[in-house]
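# Notes for the structure review
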Amino acid sequence: MAWSMRAPLLLLTALMVVLARSASAQSRKTSSGDIHAADLNDKSVQRILNFTIREYNKDISKDEYYSRPLQVMVAYQQVVGGVNYYFNVKFGRTTCTKSQPNLDNCPFNDQPELKEEEFCSFQINEVSQENKISILNYKCRKV
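- By the naming in an unreviewed UniProt entry, the chain is Cystatin D, taken from Mandrillus leucophaeus.
- As stated in UniProt under Sequence similarities (unreviewed entry), the record for the chain gives "Belongs to the cystatin family."

## Description of the packing of aromatic side chains
- A complete count under the given rule lists three aromatic pairs for this structure.
- With a centroid separation of 3.9 Å and an interplanar angle of 5°, the aromatic rings of Y56 and F91 are classed as stacked. Pair noted here: Y56 is in helix α2 (residues 43–60) and F91 is in strand β3 (residues 82–97), with a separation of 35 residues, a long-range link.
- Take Y56: its relative accessible area is 2%, and that puts it in the buried class.
- Between F91 and F122, the aromatic rings sit 6.2 Å apart at their centres with planes inclined by 85°, giving edge-to-face as the arrangement. Within this pair, whereas F91 is found in strand β3, its partner F122 is found in strand β4 (residues 117–127), the two being separated by 31 residues in sequence.

## Considerations on the sheet that holds strand β1 (residues 35–37)
- Taking strand neighbours across the sheet as the criterion, the five strands line up as β1-β2-β3-β4-β5 in an open arrangement whose pairing is antiparallel. Edge positions in the open sheet fall to β1 and β5 (132–142), since each of these has one partner strand only. Along the sheet, successive strands turn relative to each other by an average axial angle of 25°, direction set aside.

## Here's the deal with the state of the cysteines
- For the structure shown, the criterion picks out two disulfides.
- Between C96 and C106 runs a disulfide, and the two sulfur atoms are separated by 2.0 Å. Handedness here is read from the sign of the S-S torsion; for C96 and C106, about -105°, the answer is left-handed. Of the two residues, C96 sits in strand β3 while C106 sits in the loop between β3 and β4, which places them 10 residues apart along the sequence.
- In this model, C120 is linked to C140 through a disulfide, with the two sulfur atoms separated by 2.1 Å. Residues C120 and C140 are joined through a disulfide that is right-handed, its torsion about the S-S bond being 115°. A residue pair is termed long-range when its members are at least 10 positions apart, and C120 in strand β4 and C140 in strand β5 qualify at 20 residues.
- If the cysteines joined by disulfides in the chain are listed in sequence order, their pairing comes out as 1-2, 3-4.

## Brief notes about the nonpolar core
- Core analysis: the biggest nonpolar cluster contains 21 residues, and Y56, Y85, F87, V89, F91, F122 and I124 have the highest contact counts within it.
- If you list the elements that add at least two residues to this core, you get α2, β2 (65–80), β3 and β4.
- Looking at which element gives the most residues to this core, the answer is α2, with seven residues.
- Ignoring sequence-local partners within four residues, the contact set of F87 consists of V45, I48, L49, T52, V74, A75, C120, S121, F122 and I124.

## As for the side chain of T94
- Here T94 is to be found in strand β3.
- Of note is the side chain of T94, whose polar atom sits 2.7 Å from the backbone oxygen of Y66.
- There is a polar contact of 3.2 Å between the side chain of T94 and the backbone nitrogen of C96.
- Non-local contacts of T94, meaning those with residues more than four positions away in its chain, are made with Y65, Y66, S67, R68, C106, P107, F108 and N109.

Quick notes on the rules
Residues numbered from 1 in each chain as written. Predicted model: local features only at pLDDT ≥ 70, side-chain atom pairs only at ≥ 80, totals over all residues. Heavy atoms only, no water. UniProt positions renumbered as here; feature names shortened; annotations may be inferred. Phe/Tyr/Trp six-rings, centres within 6.5 Å; stacked < 30°, edge-to-face > 60°. Helix = DSSP H or I, 4+ residues; strand = E, 2+ residues; numbered from the N terminus. Buried < 20%, exposed > 50% of the residue type's maximum accessible area, 1.4 Å probe, protein only. Pairing = 2+ DSSP bridges. Axes fitted to C-alpha atoms, helices over the stretch in contact; angles between N-to-C directions. Disulfide = S-S within 2.5 Å. Core = buried A, V, L, I, M, F, W, Y, C linked by side-chain atoms within 4.5 Å. Contact = heavy atoms within 4.5 Å. Polar contact = N/O pair within 3.5 Å; in protein donor to acceptor, adjacent residues only side chain to side chain.

Okay, here's the thing in structure tokens:
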């Protein structure tokens, strides 16, 4: 049962890695449809990742505590009708509830009964000409 829940996430990650490596091996030039590694220092990638974190805490996570990324494990992008972004993110529960201000610097919760981690895979689409960002797909599981 546990394997059947992990299999789609592992397959998606493996597919993204294989496609990204083959695309970059063929050419450094990005053409429409190619999936390639995203630079986490790029402002556009950071903006989309921040959108993803906000949406995770607002709509996806039903926890009363705010979560922050412990690690961004995978970041890819693909030029399509806009840009698709693919992120694998490991979230950690913080000591702050979602109703508190200034959540970006909340410390991670290290109390055993409150410590919680979740692994999520996201597919985000941005159509900049329409000023539109949306989550196309996501899957999350407790770690």
